[in-house]
Every structure is written in C-alpha cells, then in structure tokens.
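These are the residues of each chain, in order.
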Protein chains: 2
Amino acid sequence: MAKILGVDPGLTRCGFGLVEGKKAIDFGVFQTDAKTDPAARVGEIALKLERLIDKHHPELVALERVFAQANLRSVMGVAQISGALMATAHSRGIPVEFFTPSEVKAAVTGNGRATKDQVGLMVKAILQMNEIPKPADVADALAVAVCAQKRSTKATTEAQRKWVAASKAANRQLG
Amino acid sequence: MAKILGVDPGLTRCGFGLVEGKKAIDFGVFQTDAKTDPAARVGEIALKLERLIDKHHPELVALERVFAQANLRSVMGVAQISGALMATAHSRGIPVEFFTPSEVKAAVTGNGRATKDQVGLMVKAILQMNEIPKPADVADALAVAVCAQKRSTKATTEAQRKWVAASKAANRQLG
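Throughout what follows, the structure given in this document is the object of discussion. (Residues numbered from 1 in each chain as written. Chains lettered and ligands numbered in written order. Predicted model: local features only at pLDDT ≥ 70, side-chain atom pairs only at ≥ 80, totals over all residues. Heavy atoms only, no water.)

Listed by partner, the interface residues are 24 residues for chain A and 24 residues for chain B. With both chains or domains summed, chain A and chain B bury close to 1900 Å², and 74% of this area falls on carbon and sulfur atoms. For the chain A face of the interface with chain B, the top three residues by lost area are Leu72(A), Met86(A) and His90(A), together amounting to 24%. For the pair chain A and chain B, the number of links is two salt bridges. Between Asp37(A) and Lys154(B) there is a salt bridge, with the nearest N and O atoms lying 2.5 Å from each other. Within the residue set of the side of chain A that touches chain B, elements represented by two or more residues are helix H1 (38-56) and helix H2 (72-91) of chain A. Along the lines of polarity and charge, the residues of the side of chain A that touches chain B split into 16 nonpolar, four polar and four charged. (Contact = heavy atoms within 4.5 Å. Buried area = accessible area lost by both parts, 1.4 Å probe. Salt bridge = Lys/Arg side-chain N within 4 Å of Asp/Glu carboxyl O. Helix = DSSP H or I, 4+ residues; strand = E, 2+ residues; numbered from the N terminus. Nonpolar A, V, L, I, M, F, W, Y, C, P; charged D, E, K, R; others polar.)

Take a look at the structure:
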C-alpha cells in the first residue's frame with residue numbers, strides 16, 4: 001500500500017497525517033505564533049514538513065483544494081504553505097495531488113456533505129485509532145490521506161519514483 | 001548599498017529584478033506552461049528563484065502585497081510562489097518584506113496611483129537602463145526592489161545577516 005502524506009495547510013495550525021494502508025503511522029500539528037514574521041512562519045512550517053518528508057519518504061503528498069472563502073488572509077496563508085510544500089515535494093520527485101472538500105468527505109464518510117464530527121469519527125474507525133485525532137486539523141489531514149489512498153491517480157510505487165528521479169537526473173546532465 | 005531581490009510572483013510569468021544601489025544587476029522572467037502540473041510549475045519557479053538567491057545572495061527579498069482580486073486562481077498561484085520563496089529566503093536567513101502596490105508606485109513615481117507605463121518609464125530612468133524592461137512583470141519586480149531600496153525597514157548588512165545566521169545555528173544546537 002502506498003504511503004501518503006495528507007496535509008491540512010495553515011499558518012496558525014498546519015495538520016499532517018501519514019497513512020500507510022489502513023494505518024496512521026505519524027500525525028500531528030505544527031503551530032506558529034501569529035505575532036511573528038509571516039516569512040518566518042511559512043519558513044518554520046515548510047522546514048518541518050520537509051523534515052517529515054525526508055523522514056518518511058511518502059509516495060504522494062495530498063492536499064485539500066481551497067475554494068473562495070470569506071477570509072483572503074487565511075487563504076493566502078494556506079496557499080503560501082501549500083506552495084512551499086509543493087516545491088519541496090517536486091524537488092524530491094514526489095507527486096502532489098489535490099482533492100476537493102466534498103471528495104474528501106465522500107471518500108471518508110460516503111457523504112460529500114458530512115460534518116467535521118462525522119469525518120473525525122470515520123477517520124478514527126478507518127485507521128483503527130483509539131480516539132478521534134485532535135485538533136480538527138489533524139483529523140482533516142488524515143482524511144485527505146485516506147481519500148488519496150482510495151482515489152489517487154498519481155500515487156506511484158517506490159520503484160516508479162526512483163525511475164522518474166533517475167530519468168530527471170539524466171535529463172539534467174544532458175541539458 | 002543593499003542588494004535587493006524584487007519579485008513579481010506568478011505561475012505563468014514570474015518577474016525578478018536584482019537591484020544594488022541604483023543599478024539593475026540581473027533581471028528577467030521565469031515562465032511555465034499552464035498545461036503542466038501545478039506542483040511542477042511551482043517547483044520549477046521555486047528552484048529558479050533559489051538558484052538566483054544562491055548566486056547573488058541578496059540582503060532582502062521584496063514582494064508586492066496581494067489584495068483581494070477578481071481571480072482567486074491567480075491569487076492562489078501568486079501566494080504559492082510567494083510561499084516557496086518565503087521558505088527559501090527564511091532558510092538562508094534573508095528577510096522578506098512586503099509592500100503595497102501604492103507604496104511601490106509612490107516610491108518609484110511619486111504617485112501612488114501611477115499607471116503601469118509610468119512605473120516602467122521611471123524604473124528605466126532610476127536604474128539608468130537603455131529601455132523599459134519587458135514584459136511588465138520584470139518592470140514590476142524591479143519597481144518593488146527600488147521601493148524596498150528606499151523604504152525597507154528590514155534590509156540588513158552582510159555582517160548583520162551572518163550574525164543572525166550564526167545565532168540561529170547556535171540556538172538549533174542548544175535546543
């Protein structure tokens with residue numbers, strides 16, 4: 001089974017969840033202080049995500065697709081973290097895939113309009129966890145990973161990924 | 001005089017301009033194909049910006065602050081590139097500073113409501129260039145760098161930067 005890193009990006013709280021098969025192998029939340037410099041906040045979270053990727057070598061990074069929201073500032077923070085993460089994943093030959101909130105809810109609960117509580121309960125059940133992961137950012141990150149487990153069109157095996165990386169390196173040497 | 005990297009971030013065209021004193025020492029535009037994978041587009045531009053930073057070692061990265069715009073998709077691309085750039089700058093101890101569009105226009109032309117053409121003309125004059133830099137993304141990136149030259153509160157000297165980097169490294173070893 002593919003090892004997938006699901007991320008619920010955010011500047012204040014960035015949830016992450018690593019899922020392999022039906023097991024949550026690592027999960028948690030990175031937090032930054034709203035009073036500190038924005039570039040430092042993005043930089044700190046980006047560094048922690050990079051370390052997580054280099055520790056676990058996921059085959060796919062899965063993110064929720066952001067739509068129009070009331071708060072532009074929060075959308076910007078989400079997109080900034082996502083961009084840093086996309087760059088890190090790309091530099092390591094790891095594909096990034098986006099899923100809409102309703103895709104995630106449907107994949108986890110069977111209902112594209114499920115509530116946060118229902119998503120949390122199903123994440124706990126699917127991944128056979130002792131309790132619902134908290135805060136909600138963690139459950140959301142795990143839900144995205146579970147969704148990607150079921151629906152990804154990009155997850156590759158380790159062997160495929162090495163082939164792509166080797167072919168990229170060869171192209172760089174040629175060009 | 002400080003060496004400043006101004007960037008006009010975007011997924012389709014990302015303009016950059018390096019200004020030292022009243023001289024444009026490097027400028028241009030990175031482009032990606034809209035048909036390719038979003039993470040690959042962010043990754044390619046992020047890599048090129050990283051190489052630019054590691055070639056020139058700017059003392060400051062200057063960006064235009066994005067406000068609500070009609071097109072959320074384009075705002076997202078801008079924020080994703082900005083986020084990757086913020087992470088790169090932060091990892092190298094280089095401060096990132098944002099300026100509003102009217103601050104940039106006012107710093108370059110004396111008028112916060114100047115047109116694109118006026119900004120281009122003044123960038124050419126201030127930096128003693130032979131012609132107005134094209135496309136507009138390049139002129140905009142140089143304009144942000146010129147604005148930062150005048151108004152930055154974060155630009156540091158090389159010595160200060162080394163001190164900050166050394167103190168960060170020491171803290172990492174402690175903690």
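So much for the structure itself; the text now carries on.
Residues and elements named next belong to chain A. Across the interface, helix H3 (residues 101-109) lies against helix H4 (residues 116-126) with an axial gap of 9 Å and an inter-helix angle of 50°. Between H3 and H4, the crossing angle belongs to the class labelled oblique. Two packed elements cross with a definite hand, and for H3 against H4 that hand is left-handed. In contact with Lys105, Val108 and Thr109 of H3, H4 contributes Gln118, Val119, Met122, Val123 and Ile126. (Axes fitted to C-alpha atoms, helices over the stretch in contact; angles between N-to-C directions. Parallel < 35°, antiparallel > 145°, perpendicular 65-115°, else oblique. Left-handed = near helix turned anticlockwise from the far one by under 90°.)

All names here are of chain B. Counting buried residues along strand S2 (residues 13-20), six of its eight residues qualify, which places the element largely inside the surrounding structure. Hairpin connection of strand S1 (residues 3-8) to S2: four residues between the antiparallel strands. Hairpin connection of S2 to strand S3 (residues 23-31): two residues between the antiparallel strands, including Gly21 at a positive phi of 60°. (Buried < 20%, exposed > 50% of the residue type's maximum accessible area, 1.4 Å probe, protein only. Pairing = 2+ DSSP bridges.)

Residue and element names in this part refer to chain B. Strand order across the open sheet formed by five strands is S3-S2-S1-S4-S5, with mixed pairing between neighbours. Single-partner strands in this sheet number two, and they are S3 and strand S5 (96-99). Across the sheet, the axes of successive neighbouring strands diverge by a mean angle of 20°, strand direction being ignored. Of the strands in this sheet, S1, S2, S3 and strand S4 (60-64) are in contact with helix H1 (residues 38-56), which crosses S3 at around 165°. Sheet contacts for helix H2 (residues 72-91): S1, S2, S4 and S5; angle to S4, the most-contacted strand, approximately 165°.

For the rest of this paragraph, the subject is the nonpolar core. If you look at the biggest cluster of nonpolar residues, it comprises 50 residues, and the most contacted ones within it are Leu49(A) and Leu49(B). When near neighbours in sequence (up to four residues on either side) are disregarded, Leu49(B) contacts Val7(B), Cys14(B), Phe30(B), Ile81(B) and Leu85(B). (Core = buried A, V, L, I, M, F, W, Y, C linked by side-chain atoms within 4.5 Å.)

Next up on the list: the relation of the copies chain A and chain B. Superposing chain A onto chain B takes a rotation of 180° plus a shift of 0.0 Å along the axis, which leaves an RMSD of 0.1 Å. Interpreted geometrically, this transformation is the action of a two-fold axis. Judged by C-alpha distance, Ala84(A) is the residue of chain A that lies nearest the rotation axis, at 1.9 Å. An overlap of 96% is found between the interface residues of chain A and their copies at the interface of chain B, pointing to a shared contact surface. (Least-squares fit on C-alpha atoms with pLDDT ≥ 70 in both.)

Now for the packing of aromatic side chains. Two aromatic rings, taken as a pair, are described by how far apart their centres are and by the angle between their planes. All names here are of chain A. Going through the model one piece at a time under the given rule, you end up with two aromatic pairs over all chains. Ring plane angle 20° and centroid distance 4.7 Å describe the contact between Phe16 and Phe30, whose orientation is recorded as stacked. Of this pair, Phe16 sits in strand S2 (residues 13-20) while Phe30 sits in strand S3 (residues 23-31); the two residues are 14 residues apart in sequence, bridging distant segments of the chain. (Phe/Tyr/Trp six-rings, centres within 6.5 Å; stacked < 30°, edge-to-face > 60°.)

Take the environment of Ala125(B) next. All names here are of chain B. Position of Ala125 relative to the elements: it lies in helix H4 (residues 116-126). Given the relative accessible area of 46%, Ala125 is considered partly exposed. For Ala125 and Gly10, which are 115 residues apart along the polypeptide, the C-alpha to C-alpha distance reads 26 Å.

With that out of the way, let us pick up the sheet that holds strand S1 (residues 3-8) of chain A. Residues and elements named next belong to chain A. What the five strands build is an open sheet, ordered S3-S2-S1-S4-S5; its pairing is mixed. Only two strands of the sheet have a single neighbouring strand rather than two, namely S3 and strand S5 (96-99). The mean angle between the axes of side-by-side strands here comes to 20°, regardless of whether they run parallel or antiparallel. Where strand S4 (residues 60-64) meets S5, four bridges bridge the pair, whose relative direction is parallel. When the sheet's bridge partners are listed, Leu63 is paired in S5 with Phe98. Where helix H5 (residues 136-151) meets the sheet, it contacts S1, S2, S3, S4 and S5, and its direction lies at approximately 40° from that of S2.

Any functional reading would require information that these geometric values do not contain.
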